[in-house]
Amino acid sequence: MATSIPASTPSISVLIKAVTSKYNEIKSDDEKPLDTTEGIFTLKDKYLNAKISDDTLRRLLGLKSGYKSVRKFTLDVLSQFVGYADWEDFNAHCSDTDGVQSYINTQKATIVSAKLSIGDRVELSWLPDRRCVLEYKGKNKYEVMEIHNSNTLAVSDTLCFSTITIGKPIQADNLVKNGVSYQGVVLGKKDGISYAKVN
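In this report, we go over the structure that sits alongside the text. Treat the numbers as computed from the prediction; the structure is a model and nothing was measured.

Thoughts on the sheet that holds strand β4 (residues 121-126)
Link 1 in the chain: Spatial ordering of the open sheet is given by β10-β9-β7-β6-β5-β4-β11, a layout of seven strands whose pairing is antiparallel. Either end of the sheet is taken by a strand with one partner, and the two such strands are β10 (180-187) and β11 (193-198). Taking each pair of neighbouring strands and ignoring which way they run, the sheet shows an average axis angle of 30 degrees.
Link 2 in the chain: Direction of pairing for strand β9 (residues 170-177) relative to β10: antiparallel, over a ladder of seven bridges. Looking across to β10, one finds that Gln171 is bridged to Val186.

Quick word on the packing of helix α2 (residues 37-48) against helix α4 (residues 72-81)
Link 1 in the chain: The contact between α2 and α4 brings their axes to 12 Å, and the two run at 75 degrees. Taken together, the axes of α2 and α4 lie roughly perpendicular to each other. Counted together, Leu43, Tyr47 and Leu48 of α2 and Val77, Leu78 and Phe81 of α4 form the full contact between these two elements.
Link 2 in the chain: A class-by-class count of the residues in the contact of α2 with α4 yields six nonpolar, no polar and no charged.

Details of the pairing of β9
Link 1 in the chain: The pairing of strand β7 (residues 158-160) with β9 spans two bridges and is antiparallel. By the bridge assignment for β9, Thr158 is matched with Val176.
Link 2 in the chain: The antiparallel hairpin formed by β9 and β10 contains two residues in its connecting segment, where Asn178 sits at a positive phi of about 50 degrees.

Some thoughts on the environment of Lys44
Link 1 in the chain: Its place among the elements puts Lys44 in helix α2.
Link 2 in the chain: In this structure Lys44 comes out as buried when scored by relative accessible area, which is 18%.
Link 3 in the chain: When the C-alpha atoms of Lys44 and Asn91 are compared, they prove to be 22 Å apart, with 47 residues separating the residues in sequence.
Link 4 in the chain: In contact with Lys44, not counting residues within four places along its chain, are Asn49, Ala50, Ile52, Asp54 and Leu57.
Link 5 in the chain: Within polar-contact distance, the side chain of Lys44 engages the side chain of Asp54 at 2.8 Å.

Conventions used here
Residues numbered from 1 in each chain as written. Predicted model: local features only at pLDDT ≥ 70, side-chain atom pairs only at ≥ 80, totals over all residues. Heavy atoms only, no water. Pairing = 2+ DSSP bridges. Helix = DSSP H or I, 4+ residues; strand = E, 2+ residues; numbered from the N terminus. Axes fitted to C-alpha atoms, helices over the stretch in contact; angles between N-to-C directions. Parallel < 35°, antiparallel > 145°, perpendicular 65-115°, else oblique. Contact = heavy atoms within 4.5 Å. Nonpolar A, V, L, I, M, F, W, Y, C, P; charged D, E, K, R; others polar. Buried < 20%, exposed > 50% of the residue type's maximum accessible area, 1.4 Å probe, protein only. Polar contact = N/O pair within 3.5 Å; in protein donor to acceptor, adjacent residues only side chain to side chain.

Purely geometric stuff here, so don't read any function into it on its own.
As structure tokens, this is what we get:
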């Protein structure tokens, strides 16, 4: 069993939304929201009863950048907080539930193609378990370098789009597969893109 989970895993974002909702339901009127230092301390010290660092919670809640993976222990604790046995139980719920919503990061991060350099790589993920790495080729064009759990895209496919916004689907034009051109493709059609990072 893996001891750490990639931060790009789509269901982590769903878990964070569930944690935020649960905290808002149970906190008292005089307790601060989770986008404050006081709120982080309240969640950690009053409700979690587990050794999770303040910095870990800040990163997960989008208040601090710079993490590539999350310890399974942390995800187990947060899953238990929202009513599940552990991370696997929460993940199974996400896979089995029709209509589960992606978490929209409060920073609404946007990647703009025009600001990228040729050769930049963008890592994306969307529900239920789709992940891919695209390489920017210029003029809004990307090539698929890696793809996981998708029947829509394949390595070496190319597609064109101008922006990526967390929580929104990507509507790409000019999909080319094996030399055949298609009008386009939508990634994350129902719940939007849950993770996007330029590497």
